[in-house]
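# Examination of the molecular architecture
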Amino acid sequence: MYSDIMEKEIVINNAQQIWADCLKIIKIKVPEKIYQAWFAPIIPIAFENDVLRLLLPNQACYQQLEGNYVDILAEALTNVIGQNAQLEYQIQQKLSNKEPIKPFVQQSFDSNLNEEYTFENFIEGDCNRMSKAAAMSIAERPGVMYNPLLVFGDVGLGKTHLVQAIGNHVKKKYPEKNVYYISSEKFISQFVDAIRENAVQSFNKFYEQIDVLIVDDVQFFSGKEKTQENFFHIFNTLHIQKKAIILTSDRPPKDLKGLEDRLVSRFSSGLTVDVQLPDYETRLAILEKKIAVGNDIVPHEVVQYIAQHVTTNIRELEGCLVSLLARSSFEKRTIDLQLAREVLMNITRNKPKEASIETIQIVVAQHFDLTVDDLNGVSRKKEIAVARQIAMYLCKKLTQNSYKVIGQKFGNRDHSTVIHAFQTIEDLSKTDKKLKETLSLLEMQIGQK
């Protein structure tokens, strides 16, 4: 009994000495009024295993510390205790609300992870090699390496797969850790529910027990001021306790509009990596992996064809393969290059911005056994004039360029000439079956370039 009391006194005495040393540093960093208002009332209550526990007088004190002075606290703790220093808060506050605070209902701790998203089935290439390496390092030592991690890139490039692979690896290697994946939209929805149910405190407590927090698409926090403020406090609480925070967005932190500067600063404080458009070899490997998993049979030249022509993102690449397999099954057709061309033609029709004026000119000139100079020249021979009008029509249909820009590309012609060409071909194609077939053929050929 006596030894237990002595040990407890030693813990308290150590905490008091450490906090006193921290205050010496903090006092230099903040104005006297701030020091007296928010730091002087704090009582150190324990120090064990590099964790300093502080008793705060109220919730307002906690919000001030985490909202404005977390960097100063972290610097003081590191200088006094070392790099492994951690901080825990205990708030001494009696509830004054007439209505009791309702708990945030969480039926069970479900990580929300897709078990199929693993490092083993994540296809690595030059486009994502650094991102995967960083993710694997974090999965091995969550909260220690690169904290926070922010992975950014366009839609459909594998960000969600990569960050969920971290979560699945941690769950397997450290089953005692709480891993939680959530989209930013779902987080916002949960927070709104917590406000409505007067359960924000319980909502925050739930998130503060998480060891690895994965938040997808943080750009959607834009303009949500209350959500940003609350997430900022959760972020700081987890970060100071060395809990792993993993984020994704569609752009780097500096380009995230509508977010508070302090939140952007937190997002930028760790490691930021990007995932880029996959190169041909990576696209080919992704398709082959998908085909092998499904035990499907697709000729190699068809796989190469899809990998060569679908360059937008992984999601669309896999979508083309699914469409190809579905068309083959529904129409009882053999999978060959012709079927692949038909599937891709439907996709390229919805992607006119991927074509270029130069490509269209080359394809049209070759089809009519002419040169690009013929199309851009002054000749009014019927065969050249018709080909020129068709090329102008396709340029307007398949690109985002204005009539003026298209006219400039065809020998500096006036925009009215392009308008006339477009309307002429548009009208003729409604009654001229041969012209309509020619236009379809040319669109397919342009989509294959």
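As the structure is a prediction and not an experimental result, all values here were calculated from the model.

With that settled, consider the packing of aromatic side chains. Taken as a whole and judged by the stated rule, the model has 16 aromatic pairs. The ring of Y174 is capped by K177, whose NZ or CZ atom sits 5.7 Å from the centre of that ring. If you follow R262 out to its NZ or CZ, it ends over the ring of F232, 4.1 Å from the centre.

What follows deals with the sheet that holds strand 8 (residues 271-274). Spatially, five strands are ordered 5-6-7-4-8 in an open sheet, and the strand pairing comes out parallel. Edge positions in the sheet fall to strand 5 (179-183) and strand 8, since each of these pairs with one other strand and no more. Recorded for the sheet is a direction-independent mean angle of 15° between the axes of neighbouring strands. Bridge count between strand 5 and strand 6 (residues 212-216): five bridges; the pairing is parallel.

Another aspect to go through is the packing of helix 15 (residues 357-367) against helix 17 (residues 382-398). Running from amino to carboxyl end, helix 15 crosses helix 17 at an angle of 145°, the nearest separation of the two axes being 9 Å. As for the relative orientation of helix 15 and helix 17, their crossing is right-handed in sense. Contacts between helix 15 and helix 17 involve I357, I360 and V364 from the first element and A387, A391, L394, C395 and L398 from the second.

Taking 1.5 Å per residue, 13 residues should reach 18 Å; helix 7 (residues 184-196) reaches 19 Å between its end C-alpha atoms and fits that length. What helix 7 keeps buried is the set S184, F187, I188, Q190, F191 and A194. The buried residues of helix 7 occupy an angular sector of 165° when projected down its axis, which confines them to one face. Against the buried residues of helix 7 lie strand 5, helix 8 (200-208), strand 6 and helix 9 (225-240).

The subject of this paragraph is the environment of K132. If you trace the backbone, K132 turns up in helix 5 (residues 129-140). With relative accessibility at 10%, the residue K132 sits in the buried group. Separated by 117 residues in sequence, K132 and S249 have C-alpha atoms that sit 16 Å apart. Setting aside anything within four residues of it in sequence, one finds K132 in contact with F119, F122, E124 and L162.

Of all five residues in strand 6, five are buried; the element is thus mostly enclosed. Pairing between strand 6 and strand 7 (residues 244-249): four bridges, direction parallel. Note that in strand 7 the partner of V212 across the bridge is A244. Following the backbone out of strand 6, through helix 9 and into the adjacent parallel strand 7, one traces a crossover that is right-handed.

Mapped onto the elements, Q241 comes out in the loop between helix 9 and strand 7. Take Q241: its relative accessible area is 17%, and that puts it in the buried class. For Q241, the residues in contact, after removing those within four places along its chain, are Q86, L87, E88 and E208.

A few words now on the packing of helix 7 against helix 8. The relative placement of two packed helices is expressed as an angle between their axes plus a distance between the axes. Direction vectors running N to C along helix 7 and helix 8 enclose 140°, while the axes themselves pass 8 Å from each other. Facing helix 7, whose interface residues are F187, Q190, F191, A194 and I195, helix 8 presents V200, F203 and Y207. Among the residues making up the contact of helix 7 with helix 8, the classes are represented as seven nonpolar, one polar and no charged.

Attention now moves to helix 5. If you check helix 5, its first and last C-alpha atoms are 17 Å apart, about what 12 residues at 1.5 Å a residue would give, namely 16 Å. Every buried residue belonging to helix 5 is among S131, K132, A134, A135, I138 and A139, and all of these are buried. In a view along the axis of helix 5, the buried residues occupy a sector of 165°, so they form one face of it. Summarising the contacts, the buried residues of helix 5 are in contact with strand 4 (149-152), helix 6 (159-173), strand 7 and strand 8.

So, on to the pattern of salt bridges. Pairing between side chains becomes possible if they bear opposite charge and their charged atoms approach one another. Applying the stated criterion across every chain, the model contains 19 salt bridges. The salt bridge involving K243 is made with D211; its shortest N-O contact spans 3.7 Å. Pair noted here: K243 is in the loop between helix 9 and strand 7 and D211 is in the loop between helix 8 and strand 6, with a separation of 32 residues, a long-range link. This pair shows no difference in class: K243 is buried, exactly as D211 is. Between R327 and E342 there is a salt bridge whose closest N-O contact spans 2.8 Å. Taken together, the residues span a long stretch of sequence, with R327 in helix 13 (residues 314-330) and E342 in helix 14 (residues 337-349) at a distance of 15 residues.

Cut-offs and rules
- Residues numbered from 1 in each chain as written.
- Predicted model: local features only at pLDDT ≥ 70, side-chain atom pairs only at ≥ 80, totals over all residues.
- Heavy atoms only, no water.
- Phe/Tyr/Trp six-rings, centres within 6.5 Å; stacked < 30°, edge-to-face > 60°.
- Lys NZ or Arg CZ within 6 Å of the ring centre and 35° of its normal.
- Pairing = 2+ DSSP bridges.
- Helix = DSSP H or I, 4+ residues; strand = E, 2+ residues; numbered from the N terminus.
- Axes fitted to C-alpha atoms, helices over the stretch in contact; angles between N-to-C directions.
- Left-handed = near helix turned anticlockwise from the far one by under 90°.
- Contact = heavy atoms within 4.5 Å.
- Expected span 1.5 Å × (residues − 1).
- Buried < 20%, exposed > 50% of the residue type's maximum accessible area, 1.4 Å probe, protein only.
- Arc of directions from axis to C-beta.
- Right-handed = clockwise from strand over helix to strand, strands pointing away.
- Nonpolar A, V, L, I, M, F, W, Y, C, P; charged D, E, K, R; others polar.
- Salt bridge = Lys/Arg side-chain N within 4 Å of Asp/Glu carboxyl O.

Any link to function would need more than the numbers given here.
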